[in-house]
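Residue-level structure breakdown
In case you want the letters, here they are:
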Amino acid sequence: MATLDRQTPTLALAHALAAARRGLPVFPLSATKLPALRSPHRGEQPPAHCRGECGLPGHGVHDATTDPAAVRALFAAAPRATGYGIACGRAPHRLIGIDLDVGPAYGSDAAGALRQLALQHLFTIPPTVTVLTPSGGRHLWLTGPADATVPNSAGRLAPGIDIRGSGGYLVGPGSVTAHGRYRLASGTAHLTPAPCPRALLRLLTPPPGRAARTGTGPTSGTASGPATGASGADAPAAAARRGEGLVQFVLAAHEGQRNTRLFWAACRAYEDGFGDALADALTAAAVRTGLPEHEARAAIASAARLASGRGD
């Protein structure tokens, strides 16, 4: 558990300014890893779809900037910020974040799964900026070409591998959250983000006209994840089956897997377009496994943000 003191916001601003000087667009985060500034459109009916066009701060990743004066103004408006987010997919670096989680929920560590993918698809991850997370995972920073848009995904390449692309963000090194500090891995502080290998980029960017769910993520109704796919007149029935499968996937969670399974299932539901309709059933399933209701709803809300491109 991290210790937060009066110096934490000052240090967060200093780290954010250093990142901005490197051409990385930044914005303030709270100790929960969520944007520190509240939306100026909260409570509006119907909900606003503004991405900062109104000129006011409070639009999450869309606030991100490399301008030092603007960074200072954002942090001045968020005096309790303890960290900063780095917007992915934005020039000049067009950052792609490879988020490798650890823990029993993934069967093995995600770094091992990435190595298997590299062997299978004949690519090598080059030396690059690496950030260690409080949970023991790591973020690999890569850069993408101007003609490629990498979508956000959770567990699609393999369990425990999340991708932060266009519209998403990474927690920057030096940030402090409720669970600990993000820090640069030894020997990577002097590096610049390396170009994403072409073979890996092909896995991250489905061809035009194909669904974003292409890849090697979970595809069956077993402990790896529920099945997908249907169209035309069978789509409503398939969606119902898909929803039942996702609920059963959550119900099968053991201690240590509950939040991860719920988040994965909610991401799939929102990507398929029925996340809101399934939210209550997923919440009830998670509560039956022992997850507190407020944690379940927070995980589902986070999945909704990720699926809509607002990041997590």
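Given the structure is predicted, the values throughout are model-derived calculations rather than measurements. (Residues numbered from 1 in each chain as written. Predicted model: local features only at pLDDT ≥ 70, side-chain atom pairs only at ≥ 80, totals over all residues. Heavy atoms only, no water.)

**Regarding the overall build of the protein chain**
Quick reminder of the rule: Strands here are runs of E lasting at least two residues and helices are runs of H or I lasting at least four, both read from the DSSP assignment and numbered beginning at the N terminus. Remark: exposure states derive from per-residue accessible area (1.4 Å probe, protein chains only) relative to the maximum for the residue type, with buried under 20%, exposed over 50%, and partly exposed in between. Two residues form a contact once any of their heavy atoms are found within 4.5 Å. Working definition of accessibility: Shrake-Rupley area with a 1.4 Å probe, residue cover restricted to the visible protein chains.
The secondary structure content of the protein chain amounts to eight helices and 12 strands. Scored against the burial criterion, the 312 residues of the protein chain give a buried share of 46%. A separation threshold of at least 6 residues defines the contact pool for the protein chain, and within that pool the share at least 24 residues apart is 72%. Of the roughly 15300 Å² of accessible surface on the protein chain, 54% is carried by carbon and sulfur atoms.

**A closer look at the packing of helix H7 (residues 275-288) against helix H8 (residues 293-307)**
As a reminder of what qualifies: Think of each axis as a best-fit line through the C-alpha atoms, taken over the contacting stretch in the case of a helix, with angles from 0 to 180 degrees between the N-to-C directions. To sort the angles, those under 35 degrees are grouped as roughly parallel, those over 145 as roughly antiparallel, those from 65 to 115 as roughly perpendicular, and the leftovers as oblique. Crossing handedness follows the turn of the near helix against the far one: under a right angle anticlockwise gives a left-handed crossing, and clockwise gives a right-handed one.
Between H7 and H8, the least distance of the axes is 9 Å, while the angle of their chain directions is 135°. The angle between the axes of H7 and H8 places the two elements in the oblique class. Crossing geometry of H7 relative to H8 is assigned as right-handed. Within the contact between the two elements, H7 uses Ala279, Asp280, Leu282, Thr283, Ala286 and Val287 and H8 uses Glu293, Ala296, Arg297 and Ile300.

**Some details on the sheet that holds strand E2 (residues 83-87)**
For clarity, the threshold we go by: Strand pairing follows a simple DSSP-based rule, namely that at least 2 bridges must link the two strands.
Read from one edge to the other, the open sheet built from three strands follows the order E1-E2-E8, with strand pairing classed as antiparallel. If you trace the sheet from one side to the other, it starts and ends with strand E1 (26-29) and strand E8 (169-171), each paired once. Here the strands of the sheet are splayed against their neighbours by 35° on average, with no regard to which way each runs. The pairing of E1 with E2 spans four bridges and is antiparallel. By the bridge assignment, Leu29 is partnered in E2 with Gly83. Packed on one face of the sheet, helix H2 (residues 68-77) meets E1 and E2 and runs near 15° to E1.

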